[in-house]
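Structural overview
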Amino acid sequence: MSDPKDILRSILQEEIRKLGASSEVHLERPRNPEHGDWSTNVALQLAKELKRKPRDIAEHLKTATTDALVESGITTPAGVSIAGPGFYNVKLNPLIKLRPILEALERGKDYGQALASSDEKVQVEFVSANPTGPLHVGHGRQAALGDAIAALLESQGHNVTREFYYNDGGAQIDKLTRSVQARARGLRPGDTGWPEEGYAGEYIEDIAREFKGNIEDADAVRRFAVQYLRAEQDTDLRAFGVKFDVYYLESSLYTEGKVDAVVKAWGARGKTYEKEGALWLRTTEYGDDKDRVVRKSDGSYTYFVPDVAYHLTKWQRGFERVVDVQGTDHHSTVTRVRVGLQALGAGIPDGWPDYVLHSLVKVMRGGQEVKVSKRAGSYVTVRDLIDWVGRDAVRFFLVSRKADSEFVFDVDLAREKSDENPVYYVQYAHARVCSVFAQWGGEAGALAAAKLERLSGEREAALARLIAEFPETVSTAAREAAPHDIAFYLRELAAQFHSYYNAERILVDDEELRMARLALCAAVRQTLANGLSLVGVSAPEKM
RNA sequence: GCGCCCGUAGCUCAGCGGAUUAGAGUAUUGGCCUCCGAAGCCAAGGGUCGUGGGUUCGAAUCCCGCCGGGCGCGCCA
């Protein structure tokens, strides 16, 4: 254990245990630097538990822990102080605070990654668009979120699978097929004979034109259309820099008998019953509002049966943690899937899998909401966004908000190649460091020997502090499946660097100081690059 | 009607397992390039944290009501 925060926490926790109390030590960064580097309100919490004055408890903690803290080398006797109603504040030794700079340099690309690797198999399922049209902005948000969440989980040493599930049969595909056939016969949306709720986008015409077989052969048209749209979605995903490990076909669940098996398993456990010609599942036993139909009176299954069958395969494939990324418009399926799995009695934990639900995206341009895309007809596509603002901006913007908040994508702002654009702001910081190194022209390896104690400025301390926080920021973001933490962190690190850069010269004549500052800059560059990589954005050396 | 989510500066949003003076960006205003990239920096103004109660020594943060917005409540997927 070398992280001063961990040392501090364990020493405090030990003392609290001796007091016979159980409060958890929660350390935080005080906003006000006068309150030191770490602060805890644990004395105020203990006040309730021990029925003593918080200030007295804090004083006791101070006298009881100072020796051990000084012994560990992280602070001095004067570094521990009590303030306000009973806050326990600690000021760390300056050198301790600079250590993360070397750590970032030593670990390089791995800085921010967990030290211990776990073999836990986890899966992130996202996008999962049906092959009935181009990907829309909502899919874009899922792609950006899902890929970043997967990267975050990988950073914690997990064995991550990125999976895309899609329905290659069923009613929607029939509708697609009929739309293509109608187009091929010269019909247009709205004409008499155009299929009800047919797909109206321009891409339908492309498919109809490209199809060379017998248009009356619905099977052939369907296969062609699905293959065509799958290829198109893949092209967009590639342009977006997202790769999947597994594409799972809904149809395979039927052909492999997995859907029937689920229904049979429910039946064997007495969880189903016949009513009004349909088969029902007793989901109310697991807290659902009402029982759900699993087999319609026409003999076909409702959509949620294959959903459950699909999730059962995830469990059987050994994924201990599964994160499904979906739009909030699907949130009713969350309960159904979980309940359906519970009803199988397969030993799946309650509340499995995890869901990240995101609100939909509103695209603004020129002060107006953009609703239509030429190609798709009724919605803005991922391709539109990439064409308008570039891949990096799309990805950064789409992960820069909490998933469950509505998102207004300002195309004009994202197009802006200036200080107004947060993507460029972060990338610019990276390019700036690179530029300094290009001018310096020395050997990066020499930086490991830099005399960091020469970094005595407040801005340097602030940068070192941010660099030190990176690993914890990553692990928290991974645990919470919250990539926006990374976007905010990057913004802050870039801001601190720009501020430093404007205030101090890096390439000074004093060689010791120069090397120390370069070491700091190299750590900043590495951290920026690692963070950008987690959210799928490039870290250019020049721009 | 019921369920879930959201309501923080003009605008877009962080913070929400309670705590020492509510934060960014943008917009507005005023400064900074004979000097490592001004795609940058520094500074100022701007908020009764939707609203009314409650719990607490202490609430943007926890609980309840109300108002406003989103989504969902199919033998559609």
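Conventions used here
- Residues numbered from 1 in each chain as written.
- Chains lettered and ligands numbered in written order.
- Predicted model: local features only at pLDDT ≥ 70, side-chain atom pairs only at ≥ 80, totals over all residues.
- Heavy atoms only, no water.
- Helix = DSSP H or I, 4+ residues; strand = E, 2+ residues; numbered from the N terminus.
- Contact = heavy atoms within 4.5 Å.
- Pairing = 2+ DSSP bridges.
- Axes fitted to C-alpha atoms, helices over the stretch in contact; angles between N-to-C directions.
- Domains from an automatic or database assignment.
- Buried area = accessible area lost by both parts, 1.4 Å probe.
- Disulfide = S-S within 2.5 Å.
- Buried < 20%, exposed > 50% of the residue type's maximum accessible area, 1.4 Å probe, protein only.
- Parallel < 35°, antiparallel > 145°, perpendicular 65-115°, else oblique.
- Left-handed = near helix turned anticlockwise from the far one by under 90°.
- Right-handed = clockwise from strand over helix to strand, strands pointing away.
- Salt bridge = Lys/Arg side-chain N within 4 Å of Asp/Glu carboxyl O.
- Phe/Tyr/Trp six-rings, centres within 6.5 Å; stacked < 30°, edge-to-face > 60°.

Before going further, it helps to examine the side chain of Q181. Residue position: Q181 is located in helix α6 (residues 170–184). Contacts of Q181, omitting those with residues within four sequence positions, involve I215, E216, D217, A218 and V221.

Taken together, 5 strands build an open sheet; the order of strands is β7-β6-β5-β11-β12 and the sheet is parallel. Two strands in the sheet have a free side with no partner beyond their single neighbour: β7 (246–249) and β12 (354–358). The mean angle between the axes of side-by-side strands here comes to 25 degrees, regardless of whether they run parallel or antiparallel. For strand β6 (residues 159–166) and β7, the ladder comprises 4 bridges, and the chain directions are parallel. Paired with F164 across the two strands is Y247, which belongs to β7. The strands touched by helix α8 (residues 218–240) are β6 and β7; relative to β6, the strand with the most contacts, the crossing angle is about 140 degrees.

All right, on to the sheet that holds strand β1 (residues 27–28) then. Taken in spatial order, the 4 strands of this open sheet run β1-β2-β4-β3, and their pairing is antiparallel. Edge positions in the sheet fall to β1 and β3 (80–83), since each of these pairs with one other strand and no more. Here 4 bridges tie β3 to strand β4 (residues 87–90), and the two strands are oriented antiparallel to one another. Bridge assignment links A83 to a residue of β4, and that residue is F87.

Bringing the domain arrangement of chain A into the picture now. Split into domains, chain A comes out as domain 1 (4–92), domain 2 (99–110 + 419–534) and domain 3 (121–358). Distance from the C-alpha centre of domain 2 to the C-alpha centre of domain 3: 43 Å. At the interface, 10 residues of domain 2 touch 10 residues of domain 3. Both faces considered, domain 2 and domain 3 share a buried interface measuring about 780 Å² in area, 75% of it formed by carbon and sulfur atoms.

In the structure shown here, the tally under the stated rule is 0 disulfides. The structure places no disulfide on C434, whose sulfur is separated from the nearest cysteine sulfur, that of C521, by 11 Å. Given a relative accessible area of 7%, C434 falls into the buried group.

Our focus in this paragraph is the environment of G366. Relative to the helices and strands, G366 resides in the loop between β13 (361–365) and β14 (368–370). The exposure class of G366 is exposed, given its relative accessible area of 58%. It is 9.9 Å that separates the C-alpha atoms of G366 and L413, two residues lying 47 residues apart in sequence.

Let us now look at the packing of α6 against helix α7 (residues 202–210). Packing of α6 against α7 leaves a shortest axis separation of 8 Å and a crossing angle of 70 degrees. In terms of orientation, α6 lies roughly perpendicular with respect to α7. When you trace α6 past α7, the crossing you get is right-handed. Along the contact surface, α6 presents L176, S179, V180, R183 and A184, while α7 presents I204, E205, I207 and A208.

Tracing the chain through its elements places D110 in the loop between α4 (94–107) and β5 (121–125). Separated by 45 residues in sequence, D110 and S155 place their C-alpha atoms 8.4 Å apart.

What follows deals with the pairing of strand β11 (residues 321–327). Most of β11 sits out of view: 7 of its 7 residues are buried. Of the two faces of β11, the one carrying R321, V323, V325 and G327 and the one carrying V322, D324 and Q326 are both buried. For β5 and β11, the ladder comprises 4 bridges, and the chain directions are parallel. Counterpart to V122 in the pairing with β11 is R321. Traced from β11 through helix α12 (residues 331–342) to β12, the parallel crossover comes out right-handed.

To continue, consider the pattern of salt bridges. A full pass over the atoms with the stated rule returns 31 salt bridges. In this structure, D219 engages R222 in a salt bridge whose closest nitrogen and oxygen atoms are separated by 3.0 Å. Note that D219 and R222 are positioned in helix α8 at a spacing of 3 residues, about one turn of the helix. A salt bridge links R292 to D288; its shortest N-O distance comes to 2.9 Å. When sorted by exposure, R292 lands in the same class as D288, which is buried.

Counting through the fold element by element, E232 comes out in helix α8. Not counting residues within four places of it along the chain, the set of residues in contact with E232 comprises P134 and R375.

Now for the packing of aromatic side chains. Both the distance between ring centres and the angle between the ring planes are used here to describe each pair of aromatic rings. Using the criterion set out here, one finds 19 aromatic pairs in the structure. With 5.2 Å between their ring centres and 90 degrees between their planes, F164 and F244 make a pair best called edge-to-face. Note that F164 is positioned in strand β6 and F244 in the loop between α8 and β7, a separation of 80 residues in sequence. Neither F164 nor F244 differs from the other in exposure class; each is buried. Taking 5.3 Å as the distance between ring centres and 40 degrees as the angle between the ring planes, the aromatic pair formed by F397 and F409 counts as tilted. Taken together, the residues F397 in helix α14 (residues 391–399) and F409 in strand β15 (residues 407–410) connect sequence positions 12 residues apart. F409 carries the same exposure label as F397, and that label is buried. An aromatic cluster is defined as three or more aromatic residues linked by ring pairs; in this entry it consists of F126, F164, Y166, F244 and Y247.

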